[in-house]
Amino acid sequence: MLDLALANLLSPIVLSFVLGVGAALARSDLSVPEAVAKGISIYLLFAIGFKGGVSLAEHGIDLTLGLSLLAGVVLSFILPLIGFVVLRVLSGMSRTDAAAVAGHYGSISIVTFVAATTVLVDAGISSEGYMVAVAAAMEAPAILAALWLISKGSDETDMSADLWREILLNGSIVLLLGAFAIGIATGSDGLARIESFIVSPFQGVLCIFLLDMGLIAGRGLRQAGVLDRGAIAFGLLMPLIGAAAGLIAALVIGLSTGGTMLLMTLSASASYIAVPAAMRVAVPQANPSIYLTLSLAVTFPFNLVLGIPLYLTIAQTLVGS
Amino acid sequence: MLDLALANLLSPIVLSFVLGVGAALARSDLSVPEAVAKGISIYLLFAIGFKGGVSLAEHGIDLTLGLSLLAGVVLSFILPLIGFVVLRVLSGMSRTDAAAVAGHYGSISIVTFVAATTVLVDAGISSEGYMVAVAAAMEAPAILAALWLISKGSDETDMSADLWREILLNGSIVLLLGAFAIGIATGSDGLARIESFIVSPFQGVLCIFLLDMGLIAGRGLRQAGVLDRGAIAFGLLMPLIGAAAGLIAALVIGLSTGGTMLLMTLSASASYIAVPAAMRVAVPQANPSIYLTLSLAVTFPFNLVLGIPLYLTIAQTLVGS
Amino acid sequence: MLDLALANLLSPIVLSFVLGVGAALARSDLSVPEAVAKGISIYLLFAIGFKGGVSLAEHGIDLTLGLSLLAGVVLSFILPLIGFVVLRVLSGMSRTDAAAVAGHYGSISIVTFVAATTVLVDAGISSEGYMVAVAAAMEAPAILAALWLISKGSDETDMSADLWREILLNGSIVLLLGAFAIGIATGSDGLARIESFIVSPFQGVLCIFLLDMGLIAGRGLRQAGVLDRGAIAFGLLMPLIGAAAGLIAALVIGLSTGGTMLLMTLSASASYIAVPAAMRVAVPQANPSIYLTLSLAVTFPFNLVLGIPLYLTIAQTLVGS
Amino acid sequence: MQTHLAKRVEITIEQVMLNRLTDALEKADVTGWSVLPVQGGSGRSGTWSREGQVSRGTGMVQVVCLVRPEKLDQLLDAAFSVVKRHIGVVCVTDAQVLRAERF
Amino acid sequence: MQTHLAKRVEITIEQVMLNRLTDALEKADVTGWSVLPVQGGSGRSGTWSREGQVSRGTGMVQVVCLVRPEKLDQLLDAAFSVVKRHIGVVCVTDAQVLRAERF
Amino acid sequence: MQTHLAKRVEITIEQVMLNRLTDALEKADVTGWSVLPVQGGSGRSGTWSREGQVSRGTGMVQVVCLVRPEKLDQLLDAAFSVVKRHIGVVCVTDAQVLRAERF
Ligand SMILES: Nc1ncnc2c1ncn2[C@@H]1O[C@H](COP(=O)(O)O)[C@@H](O)[C@H]1O
Ligand SMILES: Nc1ncnc2c1ncn2[C@@H]1O[C@H](COP(=O)(O)O)[C@@H](O)[C@H]1O
Ligand SMILES: Nc1ncnc2c1ncn2[C@@H]1O[C@H](COP(=O)(O)O)[C@@H](O)[C@H]1O
Ligand code: NA
Ligand code: NA
Ligand code: NA
């Protein structure tokens, strides 16, 4: 475990993130243009979706596919409820803010997922290709749970058919699932054609993306004053709770070592794209600084640096390597 | 032919386009930033021009080079005249709109050309490297023809030396021909140095670009109400007329199978960059929704999905494979 | 030498630059979006820094590392003083403008450095990995020298702790040194993981960047009216003076052939990012057209096309090849 | 040159709310507007900049509408219904326009 | 702080016409302006957005000119000669500026 | 709809000076502003465009501040202290705003 954590810490990916955090904390003017960051995230979503689809096409549909999707949906809905209770105990946040934050922890962070798959690839551990679809399935239920929590308090939320369409047809989800479908349809023939675009340079591109994430997280840390101690504790504890829940689900379903580690990572990670946008529309009175800072400047670094090697070690211990 | 069409349909490139169309029709917020799309098109133009130049440098200048350029210019000028007549018969469009639309079909779509070269590469069929120069030569004459058609009606057009400079020194043409010249100058030595940038990842980059084209075409389709039935019929018929004209020219000149297919594709494709910009300046009273929708949401998908395999089959049948 | 100059002239990199200059002079609307150019420069800085770090990790720390850094700092401070005197003799520029221009020539152009390393790689000549750190060390002292020159005249300058922080934590420097540190930390293992991102496509990406630099230089040339003859002469002479100073320092320190050529190139090149930004803040009364045009439209092309092969030849002659 | 009285309304609003705003404008019979990107700003909820955005989607935009003076109230009601519970600033200035038939 | 009367003219026009507009402004002796990007909009010819642009070159821009009141007519004539047959909106507001010698 | 008198101040300034300007605004107790990108322009120091920028960092931005009329002088003093020795244009217009408590 220690070896793994150290190896992870010394990977170019994690160090690029650290560089970004450092530059932002030192108030360097280093920045990645918005369009470039969006372009890179399109690349990452396309690549990860496609590779997941190809892997599904090659290994065939597993009996566990349906179960995994179901587990993802259930985890995504239940984790915010747990998170909400934990947060109300630990922190002095308002009910609305707490519900909005909790929603983020049911949903997932796709970069954390991508970083985890990279660690698996480096370690030569295979995983279920359809985990990409599970990731996509975990975006929306968490938002539902958060809105339900908020509407139970007297606060008004602004739900509408429009908003649901926006959530479900969110660009990231559509691209991830679309590329997944293309991967299934074209299989390894398709992969061969675009391999030198989506496979070979993947880790390098991820470095630049994580540099940018580091810059953003670092800027967030400079504003960490919005978080009380309880909130920060939550940001470090909740991923472990999520990972534990994911682990149980994975053991019940009988996922492979890689799949187990990925489901743990998904459950442990917190959204910073789909959920914040939905919260801005539906619950404008919730303070975005709180949920963005917590998700991006606390939980994301924790998962990237410590969580991922930890989840892998646990999965290897309990499922076998 | 059916096999080829199916293989083409299941290529990552075409499926990425389909994904874009679907996302746009479903009103997902998936979008490629303008700067990224422009960056990718710079990459594609540079790569395709460069490779064309290297291929010319390797295979030497063909006797048919001059003839092909001439054929390109003539086709580009004549196709709008044919198109204009067809359009006036099929559709209720105003004279000005019809002339503006017709102009687009004399000019070419470089992405269609790029997609066609990719199909050739996958099929292991070589082609004349200078077809890239023919593509560049086919941009401007069509604009001339359209403006001539419009000025023959009493409508005023706004022509000036400035506009001609803009058309001829259009960024896409300059980059394509410039990269072509660089390819000729540096030959296969030059290619070796930048091969892993312009050759290996090419198809993958093209996927992202076609995703974006799909998004744009899909948004166009949502506004397809501007097109009457006759116009849509024109958008599907005109590429066939163009391809036939290109085929005759290719047979007369004696191009290779690959070259024949490419000249057919060029003739069949409709511009959506150079000509629209020129039309906005010179003929602002022509409705851009009509010509853009027709070129991008009707003819481009037709060529990409059905046209290209069709043209290849015909070329193989008539020239030999 | 002639051979080398010719080979250099016919490299895709130099020709891409020439294409950009030509397109701009012909007033084509070809342009690289700002975000894409910034994205590429992030890529180049990351790649060059990382590779420098890995090379240091592999070859170990040289006794000459400290001396080289010191030489860089001293050169960066002294060259503006020399440049200022030369400029006052050659040109009719105001004292303030002359000092601002001189400052640029103490600092360095990272693209010129990158182009030089590419020539070395192509020629199979190795160099000290830490030259990247020397490049970073040469940014700031030149600014100090320029401001000192200006403050000696009665003109007011606007110095503050803020400005110094901005200069030293300039995004380019932070990224270059950060990537350098990551390269040292991860060594050749790290390189292996991201090699197909930062090594193989490097020269191709550089072509696109130089295309953009050419466009900018060409636009600058169109405004070259701001420069008197003496200023232009300075723009061609000063790199030679700088290279000579760099050469002496390199011989004293005992750098390798590659390192000598790189230190010459660094000394010969003129900044066009860090120094102009600092000058705008601290000396707004100095005319930016003068220093930008001189640095980018005169000295940069000179170094790229003639300087680099010249410096290599000299280094090979004096140090051995 | 002949000009006509008009009102220039400038609404600064979160990008995620843009479609809702333009839908409301359309319902209020306002058919002309331009959207300008905003790259940063400051207000009661703190300072932000597009490049420092955690979630890149939550930047702001500025919607500029030129309308005839008699349509102003309609426009403001529509805009306010969207801006009310959300971050946003509305600013009206007197203006003159060419070609009044367009507004 | 001492301010001076001026006119603020805002011209929204297609990107392809920008050079023609600024040439006309220069001929009319208007030497100062700023160009702002427009990322979308709506008007009589429908709704558009830069990211949904079929031809990415045909977006719009906003040209803002501050001029002395006595130069306004000259400016409007110049702008109108370009905008006339093209898509575009011109809006004038009264303004105050610092440093009048610049306009 | 109830509106309130305000001043709209538009400051066009070099990007490198933006932080210094917003610091000065904050010191002058101005807490709300929006920053818009400027993609090109022309003035006494010539014509420039963002894509043709030699040093991409030296473009310009437009800072728009809405303030209560009584705060105007404070704001202009702050802005002028930064703009004084630097390239930049300041323009003030009368405006009406919704929700006066924000300014
Ligand atoms: N007084 C103002 N003038 C101009 N823009 C403002 C002003 N107040 C707020 N804004 C803009 O509206 C955004 C949100 O404001 P707020 O809701 O006060 O945080 C800010 O980030 C600015 O972009
Ligand atoms: N009333 C208006 N207010 C602000 N911008 C407008 C207005 N009308 C038109 N525009 C802008 O001008 C473009 C073209 O307008 P139109 O010629 O009416 O289609 C629109 O897409 C908007 O960007
Ligand atoms: N009269 C004006 N109206 C609008 N913007 C201006 C004006 N004068 C200058 N600017 C802007 O301020 C920049 C610098 O102006 P200057 O200091 O006069 O060169 C120009 O490039 C424009 O972007
Ligand atoms: Na989660
Ligand atoms: Na054609
Ligand atoms: Na130097």
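To be clear, the structure that these remarks concern was listed above.
Since we're looking at a predicted model, the values are computed, not measured. (Residues numbered from 1 in each chain as written. Chains lettered and ligands numbered in written order. Predicted model: local features only at pLDDT ≥ 70, side-chain atom pairs only at ≥ 80, totals over all residues. Heavy atoms only, no water.)

Draft legend 1. Just the overall build of chain D, in detail. The helix and strand tally for chain D stands at two helices and six strands. Counted from the first residue to the last, chain D has its helices and strands arranged as β-α-β-β-β-β-α-β. When its C-alpha atoms are laid out on the principal axes, chain D stretches across 45 × 30 × 20 Å. Buried positions account for 64% of the 103 residues belonging to chain D. (Helix = DSSP H or I, 4+ residues; strand = E, 2+ residues; numbered from the N terminus. Buried < 20%, exposed > 50% of the residue type's maximum accessible area, 1.4 Å probe, protein only.)

Draft legend 2. Looking closely at the coordination of the sodium ion (ligand 5). Residues and elements named next belong to chain B. Taken together, the protein ligands of the sodium ion (ligand 5) are Tyr 105 (O), Ser 107 (O), Leu 266 (O), Ser 267 (O) and Ser 269 (O), with distances of 2.4 to 2.8 Å. For the sodium ion (ligand 5), the donor residues sit on a single chain with the sequence spacing Y-x1-S-x158-L-S-x1-S. Linking Tyr 105 in helix H5 (residues 95–106) with Leu 266 in helix H13 (residues 257–268), this pair joins segments that are 161 residues apart in sequence. (Donors = N, O, S within 2.8 Å, 3.2 Å for Na, K, Ca; no water.)

Draft legend 3. Layout of the interface of chain C and chain A. Contact with chain C, which involves 22 residues of that partner, is made by 26 residues of chain A. Surface buried jointly by chain C and chain A totals about 2100 Å² across both partners, of which 72% is contributed by carbon and sulfur atoms. Area buried by chain C at its contact with chain A is led by C:Ile42, C:Arg193 and C:Phe197, which between them contribute 28% of it. Where chain C packs against chain A, one counts one salt bridge. Of the charged contacts, one joins C:Arg193 and A:Asp122 as a salt bridge, the two residues approaching to 3.0 Å between their closest N and O atoms. For the interface between chain C and chain A, the tally reads six residue pairs in polar contact (both at pLDDT 80 or more). Those elements that provide at least two residues to the side of chain C that touches chain A are helix H3 (34–59) and helix H10 (171–198) of chain C. The element that contributes the greatest number of residues to the side of chain C that touches chain A is H10(C), accounting for 13 residues. Of the residues contributing to the side of chain C that touches chain A, the split by class is 12 nonpolar, seven polar and three charged. (Contact = heavy atoms within 4.5 Å. Buried area = accessible area lost by both parts, 1.4 Å probe. Salt bridge = Lys/Arg side-chain N within 4 Å of Asp/Glu carboxyl O. Polar contact = N/O pair within 3.5 Å; in protein donor to acceptor, adjacent residues only side chain to side chain. Nonpolar A, V, L, I, M, F, W, Y, C, P; charged D, E, K, R; others polar.)

Draft legend 4. Up close: the coordination of the sodium ion (ligand 6). Residue and element names in this part refer to chain C. Here the sodium ion (ligand 6) is held by the protein donor atoms Tyr 105 (O), Ser 107 (O), Leu 266 (O), Ser 267 (O) and Ser 269 (O), which lie 2.4 to 2.8 Å from it. In the primary sequence, the donor residues of the sodium ion (ligand 6) line up as Y-x1-S-x158-L-S-x1-S. Classification of Leu 266 as buried rests on a relative accessible area of 0%.

Draft legend 5. Representation of the nonpolar core. Core analysis: the largest hydrophobic core is formed by 462 residues, its most contacted members being A:Met261, B:Met261, C:Met261, D:Ile11, E:Ile11 and F:Ile11. The next biggest cluster of nonpolar side chains, apart from the first, holds 15 residues, and it includes D:Leu36, D:Trp48, E:Met60 and E:Val64. (Core = buried A, V, L, I, M, F, W, Y, C linked by side-chain atoms within 4.5 Å.)

Draft legend 6. Expanded view of the site of ligand 2. Taken together, 17 residues form the shell around ligand 2, and within it D:Ser34, D:Leu66, E:Arg44, E:Ser45 and E:Trp48 come nearest. Around ligand 2 the close residues trace back to chains D and E. Here an oxygen atom of ligand 2 sits 2.9 Å away from a polar atom, N or O, in the side chain of D:Ser34. Residue E:Trp48 places a side-chain N or O atom 2.6 Å away from an oxygen atom belonging to ligand 2. Computed on the free molecule, ligand 2 has an accessible area of 480 Å², of which 96% lies beneath the protein chains in the complex. Among the elements of the structure, strand E2 (33–38) and strand E5 (60–67) of chain D together with strand E3 (40–43) of chain E are those that each provide at least two residues to the shell around ligand 2. (Near = heavy atom within 4 Å. Areas by Shrake-Rupley, 256 points an atom, 1.4 Å probe, with all protein chains shown as cover.)

Draft legend 7. Looking closely at the relation of the copies chain C and chain A. Rotating chain C by 120° about the axis while translating it 0.0 Å along that axis superimposes it on chain A, leaving an RMSD of 0.0 Å. Taken together, the turn and the small shift mark the pair as related by a three-fold rotation axis. Little of the interface of chain C is mirrored in chain A: 5% of its interface residues are interface residues there too. (Least-squares fit on C-alpha atoms with pLDDT ≥ 70 in both.)

Draft legend 8. Structural view of unusual backbone geometry. Phi at C:Arg27 takes a positive value of approximately 60°, unusual for a residue other than glycine. Here C:Arg27 shows up in the loop between helix H2 (12–25) and H3. A positive phi angle, close to 70°, is found at D:Asp29, a residue other than glycine. Note that D:Asp29 resides in the loop between helix H1 (18–27) and E2. Classification of D:Asp29 as partly exposed rests on a relative accessible area of 46%.

Draft legend 9. Highlighting a nonpolar patch on the surface. Residue and element names in this part refer to chain A. On the surface, a cluster of nonpolar side chains totalling about 410 Å² of accessible area is made up of Leu 67, Leu 70, Val 74, Ile 78 and Ile 82. Assignment of secondary structure puts Leu 67 in helix H4 (residues 64–90). Overall, Leu 67 belongs to the partly exposed group, its relative accessible area being 46%. (Patch = residues over 30% accessible without salt bridge, like charges linked within 9 Å, V, L, I, M, F, W, Y side chains within 5 Å.)

Draft legend 10. Expanded view of the site of ligand 1. Taken together, 17 residues are adjacent to ligand 1, and D:Arg44, D:Ser45, D:Trp48, F:Ser34 and F:Leu66 come closest. Proximal residues around ligand 1 fall on chains D and F, making this an inter-chain site. One of the backbone nitrogen or oxygen atoms of D:Arg44 is found 2.7 Å away from an oxygen atom of ligand 1. A distance of 2.6 Å is found between an oxygen atom of ligand 1 and a side-chain nitrogen or oxygen belonging to D:Trp48.

Draft legend 11. View of the packing of aromatic side chains. Per the counting criterion, the structure on display carries 15 aromatic pairs over all chains. The interplanar angle of 35° and the centroid separation of 6.1 Å between the aromatic rings of A:Tyr43 and A:Phe202 together place this pair among those described as tilted. Placement of the pair is A:Tyr43 in helix H3 (residues 34–59) and A:Phe202 in helix H11 (residues 202–222), with a sequence separation of 159 residues. Each member of the pair, A:Tyr43 as well as A:Phe202, is classed as buried. Ring geometry for B:Phe46 and B:Phe50: centres 5.9 Å apart, planes at 35°, overall tilted. Here the residue B:Phe46 and the residue B:Phe50 both occupy positions in helix H3 (residues 34–59), the gap between them amounting to four residues, near one helical turn. Three or more aromatic residues joined by ring pairs make a cluster, and in this case those are A:Tyr43, A:Phe197 and A:Phe202. The ring of B:Phe202 has B:Lys51 sitting right over it, with the charged end atom 3.6 Å from the ring centre. (Phe/Tyr/Trp six-rings, centres within 6.5 Å; stacked < 30°, edge-to-face > 60°. Lys NZ or Arg CZ within 6 Å of the ring centre and 35° of its normal.)

Draft legend 12. View of helix H10 (residues 171–198) of chain A. Taking 1.5 Å of rise per residue, the 28 residues of H10(A) would be expected to cover 40 Å, yet its terminal C-alpha atoms sit only 19 Å apart, more than 12% below that figure. Where H10(A) bends most, the angle comes to about 105°, and this point is A:Gly187. (Expected span 1.5 Å × (residues − 1). Bend = angle between axes of the 7 residues up to and from the residue.)

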